[in-house]
Structures are given as C-alpha cells and as structure tokens.
Amino acid sequence: MTNLFGRTKFFQFFLAAALLLASGPAFAEKRVALVIGNAAYQNVPKLPNPVNDGNTVASTLKDAGFDVVDNRHDMSAADTRRALRDFSDRARDADIAVVYYAGHGIEVDGGNYLIPVDAKLERDTDVYDEALSLDRVLLAVEPAKKLRLVILDACRDNPFTKNMKRTVAQRAIGQGLAKIEPTSPNLLIAYSAKAGSTAADGDGKNSPFTTALTKHLTTPGLDVRRAFGYVRDDVLKTTNNRQEPFVYGSLGGEDVPLVPAPKVAAANAAPALSAQGELRRDYELALQIGNKAALNAFLAQYPDGFYASLAKLQLEKITAEETRVAATEKARLAEQERARLVAEGAQKATQAKAEADVKAAEQARVAAEKAKEVAQQQAAAAEQKRAEAEKAATDAGAKVAALAQPAASQPNLASLSSGTRETEVTKSVQSELRRVGCLSGEADGNWNTTSQRSLSLFNRYANTKFDTKLASTDALDTIKSKTARVCPVVCDHGFKAQGDSCVKIVCAEGSFLNDDNECEKRREKKPVAAREKVEPRDRAEPRRATTNQTPALGQSQALGQGAYGRQSPYGQQAGAGRPNGPGLGSRGQPLTGREREVGCNGYGAIMSGVCP
C-alpha cells in the first residue's frame, strides 16, 4: 500500500486519468434535473441573481449531457407543486436526479421551506400554506436509483421575517436554513451556507456559490463529494471566510461523479482509483471522528505515505490545542492563588514564590499559544497545497505536470466534505470564548446550553449578533480578533473581581459583608430605658381615710384595718370597719344612746369597753 504513493504510482494514476479525458464520452446513465430560480417576489424586494444563477446551472447541466433539464423561474406555489410532481415522474427511471433552487428560504420550528414568488407570509403559520416544504422537494428526487441531489442557494437574508406576526411566542424562526439529517440512502443536500447562517447574493452576475458550483460540479470523473469540497474552498476564499457551504447526507464507498468518466479508460484507471479511494475514505473517517484515538488507529494501519503525513499533522494540531488549553488553565489558577495570598496577607516569601509561579505559567501559556498558531498555519498551507494537487489530478492538461510539483508530496489538512470539521470549529469557538472570558467550561466540541449562553454574553459585550444556536466560522473569526478580555469577571457572593480572577473579600475588624457584597461597619447597640412597672389598680395600696371618712362597707373588715386606716391589733374583733355600717353594732343590733355618744366608730371608744 505504501508504494502506491511513490512517484511511479502517482505517475500511473495521473496518466490513466489523462487517458480518461482523451476518450470520447459514453454515458449509459439517465440523468434528469429541475432548476428553479425565484427573483421577482411580489411582496418583498426583487432579488438580483437567482434567475441568472438558474440559467447558468441549467446551461452547465445541459452541456454535461443531462437527458432532461427543466429550467423554471419566478414560480408561484401552485406552479412549483406541479413542477415537482412532473419531475418526480421523470425521476422514476433515472439514475441521477438533481434539483437546484435559488431564491428565498425560511426555517420555522426547525423545518425548512422554499418561498414561491406569490407568498405573503403575514403570519408565521402562513408558511405551512404558502411555502413549499423541503421534504416535498426530497420526495421529488426519491425515485432516482444512484444519486439524489438537492442544491439550495436559498440562505439569503429573508425580508419576510421582519414584518411577520408571531402567533405563538415560542415558535422559532431562524436565520438561513436549519440543519437536516437525511434518512434516505444516496441522498445529498447542499446548502450555499452552513445551517443558521446566510449567503451572499454576489456583486456579479451569479452568486459566489453558483459560480463555484458550475466550475467544479460537472468535472468528468470527479466524485460529487470532492466537487463540493472544491466549491467550499472557492466560496470561503471569495467571501473572506464569511460564507461556508455545507453538505448533509452520505453516499456509499464508491466514487459517484455527476459526470462519469468514459468507459474506454475506466478499466485502466480502476485499480489505482480503487486503492486510492479506499485509503482516502479511511483517512476521511478518522478525520471526521477528530480525536487522537481515531488518527492513531489510522496510522497503525497506514504508517507511511501521503495520508499518513496528513494524519500526523492533524495529531500535532490536536496536541498543540490541548497544550494551549492546559497552559491557559494553569496560568489562571496560578494568578488566582497569588491573589488569594495577597488578600490574606501571606508572608512575603510565599507571595514572591506565587508571583514567580504566575510568571512561569504565563510564559508557558504564551509559548503554547504560539505553538498552536504555528500548527494552524502549517495545516492551512498543507490544505491549500493538497487542494491544488487534487485539482490538478482532475485537470486534463496539468495531470502529468502536477507530478513534478512538491505540492503532490506535501501533507496538509483535508479539504474534504463540508461536514468533516464541524466539531473542530465548535471546539475552536469554545476555546476562543474561554480566552476572552465568556466561557468557564471546557472546549469539548459539544455546543450545549452553556456554550450558547457564553456566545450570548459575547454578543452583549462585543455588540455582535451571532446566532447562538451553533458555532460558526464567522463567530470564530470575530472572537479571534479580540485581543483583550471581552466579558467581565463574574464572582460569587463573598468574592470580588481582581484582574481575570476572583479573590475573597476580607472585611476589617468591626465590619461585616452585607448583601450588596460590601463591607459595612457594625452598629453599636444603644441602651434602652426600661419603663417603670405600674402595679394593677386592684393590687395598689388603698388610699388612707381621714377622720371624717367612714370606711366603705366590708372594706376595713377585709383589710383588717381600723377606722383611721391603721392596722388594728384586733382585726375583725375591733369596732372599726363594722360590716353593718354606722349606727349598728358588731352583731347588727342598733346602738344605744350611750354607745352613739361615746362614738363606737372610734378607736378610743372601742378600747373603752362601752361599745359592743
């Protein structure tokens, strides 16, 4: 297998490919296509390029020898349904069926819809009645036997959403088109821009996507997946990495060109193409998994050669990223420890050691960052060289000349199908969000709610409007451009921000930490005067009686007092406070004249012994 990648084998491969182009076409497969370009919308501004894009694609497919190319433009909803129904009938005995659509599209609640020119879409629910579901388009290509291909240049900015009324607040209306996972075999769905992002309409006659599409898609003998890889590269270059086409779905192990190679030379090229294709597919699978285990497994099976060099370069890139993440975390922890020691007033020697640890960790972080940048630059250069080499291998006049160029033996990162680096982009966005202080979690490639919240924070503090549902290359480029921290440090109660870390708040003696996370002086307790206790009236001492007063009935008897309010040694036996009142004796009998004369009410009269 190793010798396959020597110069001799490369020469044989290129020579066989050159013979393919020297022979005349001999196509036996039936190929049909439906092309729709919607530009003259009745209720929103007209689009400049979809009709031109449709005409260019239709002309390209006709020149490639397609049996049927149905070219339509400015279709109403009813006309579009009839066209899809008729095309489904044509696809029943076809090997390859292609639908190309340029115009407006919309995502509602995760579903994708193509918008006819007569649609109004006043409410979000109108999309179900006035637009065409993408599933309906997929049904039209379903009868084809070998390849079912749907190409959508429908990710432009959608003016319908600006005035559309929401009947349900929770109903999501996304930007661009939503990601799709095809369930039918041999089905590919190509977007002009990745799910959730928008595509440029272009300044020229055609959009950047359509321009690249017509350049590569019908190259004889070129596998359709690799053709879309070249389309992706061209669009990224044209739009300065703002627009990345994407392909969803999968095909089998064999190459599936949209325009097959002539049969005359196919037999001669079959062995080299088969071996090359098998090795390439194994490498693409390892790259799509995107971890060390998969790449090491590939190297164990293919230790030498062109793709082995690519796998080693990919491993170096992953290692550099892991080293950078670890160094960044170590620097953060060292700074946090230094701040803690300073706040707690540790010994100067301990603080000096912590300061030295911080400097060493920061130097390691900077070195890891530079190493990562070097690995990325090498990968980008290798990717460009490989793309040029593979393109030269499919070009009739340059296949043999490409053998002498060093690009054919240099490693690079894969310029493969559009979906192979989604996880890598997610990890990169997460790492950059950590760097600018908007993400505290790990860069694990899982775009969960925490990652979405962190991108939302970045949008808030960087004044951007990226879609938080996914990690895009546009967001990655913008975050990378920020050289300083973007999101502020958020600390728990009891801690405060100091630099890029949180340190504990220590209040002075006599102060405490209040609910506003500030030190507040304790208030001194002031003495409170005690109120004088007032006895209840029924327990108070009775008022003293005067000489002219007579105790009330039963009062003196109950208290055991004399008529003048003094304690009587005789209690109830004395004459004071008789129970029957004045003029009566102690037994209730009337007083005699003598007794009244003496005055049996007085203390002295009682002592005289006259009063009963």
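Up top you'll find the structure we're talking about.
From a predicted model like this one, the values you see are computed outputs, not experimental measurements.

Asker: Just give me the short version of the packing of aromatic side chains, but keep the residues and values in it.
Answerer: Using the criterion set out here, one finds five aromatic pairs in the structure. Note on Phe246 and Tyr248: the rings are 5.1 Å apart at their centroids and 40° apart in plane angle, and the pair reads as tilted. Judged by relative accessible area, which is 2%, Phe246 ranks as buried. Exposure remark for Tyr248: the relative accessible area of 5% places this residue in the buried category. Linked through ring pairs, Tyr191, Phe246 and Tyr248 together constitute an aromatic cluster.

Asker: Quick one: what's the story with the pattern of salt bridges, residue by residue and with numbers?
Answerer: Using the criterion set out here, one finds 28 salt bridges in the structure. Across the pair Lys292 and Glu322 runs a salt bridge whose closest N-O atoms are separated by 2.9 Å. Within this pair, whereas Lys292 is found in helix H10 (residues 292-301), its partner Glu322 is found in helix H11 (residues 306-344), the two being separated by 30 residues in sequence. Looking at Lys292, the relative accessible area reads 29%, which means it is partly exposed. A salt bridge links Arg435 to Glu432; its shortest N-O distance comes to 2.8 Å. Of the two residues, Arg435 and Glu432 both sit in helix H14 (residues 422-435), three residues apart, roughly one turn of that helix. A relative accessible area of 25% places Arg435 in the partly exposed class. By relative accessible area, Glu432 is classed as buried at 4%. Bridged by salt links that share partners, the residues Glu321, Arg324, Glu369, Lys372, Glu432 and Arg435 form one connected network.

Asker: Which residues make up the sheet that holds strand E9 (residues 187-191), and what values go with them?
Answerer: The strand order across the open sheet built from six strands is E2-E1-E3-E7-E9-E10, with neighbouring strands paired in mixed fashion. The open sheet has two edge strands with one neighbour each: strand E2 (68-73) and strand E10 (246-250). Mean inter-strand twist for the sheet, computed between neighbouring axes without regard to direction, equals 10°. Where helix H7 (residues 208-216) meets the sheet, its contacts fall on strand E3 (96-102), strand E7 (147-153) and E9, and the angle it forms with E7 comes to roughly 150°.

Reading guide: rules and limits
- Residues numbered from 1 in each chain as written.
- Predicted model: local features only at pLDDT ≥ 70, side-chain atom pairs only at ≥ 80, totals over all residues.
- Heavy atoms only, no water.
- Phe/Tyr/Trp six-rings, centres within 6.5 Å; stacked < 30°, edge-to-face > 60°.
- Buried < 20%, exposed > 50% of the residue type's maximum accessible area, 1.4 Å probe, protein only.
- Salt bridge = Lys/Arg side-chain N within 4 Å of Asp/Glu carboxyl O.
- Helix = DSSP H or I, 4+ residues; strand = E, 2+ residues; numbered from the N terminus.
- Pairing = 2+ DSSP bridges.
- Axes fitted to C-alpha atoms, helices over the stretch in contact; angles between N-to-C directions.
- Contact = heavy atoms within 4.5 Å.

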